[in-house]
Amino acid sequence: MNNATVNGQPRIVVSGAGKRYGALQVFQGVDFEVGERDVLTIIGPSGCGKTTLLRCIDGLIPLTEGGITMDGEPITAPREGVAMVFQHFGLFPWKTVFQNVAYGLKLAGASRAEIDEKVPGFINLVGLSGFEDYYPYQISGGMQQRCGVARALAVEPRVLLMDEPFGAVDAQTREILQFEMLRIWEARPTTMVFVTHAIDEAVLMGDRVMVLKGRPSSVHEVIEVDLPRPRDRSTLLHPRFAELREHVWSTLMKEAKEAEFKV
Ligand SMILES: Nc1ncnc2c1ncn2[C@@H]1O[C@H](COP(=O)(O)OP(=O)(O)OP(=O)(O)O)[C@@H](O)[C@H]1O
Ligand SMILES: [Mg+2]
């Protein structure tokens, strides 16, 4: 982990975290830390609570056990400087692509001139130039997802929470966005918690891969990704990349086999 600290604390500290919805205990006893320039990827079976955990870190919903601090302060509500890319886009249907990307900047009190200067760059970055005036219903799922990424990046957040940000895009666009995201991160390293279903993506993006498992789920394993940065397409050819991917795969498969056995 990159141990850079803020106020002597890792940027995000999750301790003894548990979340219950009524009778359903989603996860429990979850502990981890994320440093200032640290990328933690989270992988685990569908329904294990990845989105729920991100929403707790974002301050959108409370934990039922344990706590989360950011820069040493307990999280009780959404905080400035924290941006989330939602699994299901989370765009405003009544706003255009431009207005959606501008939303966070506007909220932060940016002037019209600043918005007009910054927004086109982020729209261009995710390949949506020409679609500025389209509404979400007029663009594809993958384009909506890219719009969500641009909206989060536009506020230049200190903490980026990504919930399967490239889950709905085609394989080719996904690769392009992954490398684009790596480039953006290298240019301006931030704290990132990145949820994904894709093993390759978890290894490529992360400094560590955290595997959640079980019902209720808990941290099964944290795998250090000792691949050099900056990472790019050549990283995929690294022998260590294949080893790490295999490691994560076998951890997840063991989990899947155990679940199958129980059924
Ligand atoms: N608001 C809610 N009320 C009740 N139960 C909920 C709520 N949100 C999520 N759950 C339950 O919590 C569990 C975890 O859901 P969550 O969306 O966090 O999973 P996930 O790991 O993100 O899954 P996926 O990989 O499919 O996105 C599920 O069983 C879900 O039904
Ligand atoms: Mg989810």
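Here, the structure is the one placed above.
So, here is what we can say about the structure in this document. Given the structure is predicted, the values throughout are model-derived calculations rather than measurements. (Residues numbered from 1 in each chain as written. Chains lettered and ligands numbered in written order. Predicted model: local features only at pLDDT ≥ 70, side-chain atom pairs only at ≥ 80, totals over all residues.)

1. Observations regarding the sheet that holds strand β1 (residues 12–21)
- The sheet built from four strands is open, its strands ordered β2-β1-β4-β5 with antiparallel pairing. Lying at the two open borders of the sheet, with one neighbouring strand each, are β2 (24–34) and β5 (73–74).
- Across five bridges, the pairing between β1 and strand β4 (residues 65–70) is antiparallel. By the bridge assignment for β4, Val-14 is matched with Ile-68. (Pairing = 2+ DSSP bridges. Helix = DSSP H or I, 4+ residues; strand = E, 2+ residues; numbered from the N terminus.)

2. Quick word on the sheet that holds strand β3 (residues 39–43)
- Spatial strand order, β6-β7-β8-β3-β9-β10: six strands in an open sheet with mixed pairing. Of all the strands in the sheet, just β6 (82–85) and β10 (218–224) have a single pairing partner and so form its edges. Geometrically, the sheet is characterised by an average inter-axis angle of 15 degrees between neighbouring strands, direction not taken into account.
- Pairing between strand β7 (residues 159–163) and strand β8 (residues 191–195): five bridges, direction parallel. Residue pairing across strands places Met-162 opposite Phe-194, the latter belonging to β8. (Axes fitted to C-alpha atoms, helices over the stretch in contact; angles between N-to-C directions.)

3. Observations concerning the site of ligand 1
- Ligand 1 sits among Tyr-21, Leu-24, Val-26, Ser-46, Gly-47, Cys-48, Gly-49, Lys-50, Thr-51, Thr-52 and Gln-87.
- For the shell around ligand 1, the secondary structure elements donating two or more residues are β2 and α1 (50–57).
- Top element by residues in the shell around ligand 1 is α1. It accounts for three residues.
- Residues belonging to the shell around ligand 1 are distributed by class as follows: four nonpolar, six polar and one charged. (Near = placed C-beta within 6 Å. Nonpolar A, V, L, I, M, F, W, Y, C, P; charged D, E, K, R; others polar.)

4. Describing the nonpolar core
- Counting 63 residues, the largest nonpolar core has Ile-57, Val-101, Ile-123, Ala-150, Leu-161 and Val-193 as its most contacted members.
- Looking at this core element by element, the count peaks at seven residues for helix α4 (residues 141–154).
- Here Ile-123 is in contact with Val-97, Phe-98, Val-101, Leu-128, Ser-129, Glu-132 and Ala-150, once residues within four sequence places are set aside. (Core = buried A, V, L, I, M, F, W, Y, C linked by C-beta atoms within 7 Å. Buried ≥ 20, exposed ≤ 12 C-beta atoms within 10 Å, placed from the backbone. Contact = placed C-beta atoms within 7 Å.)

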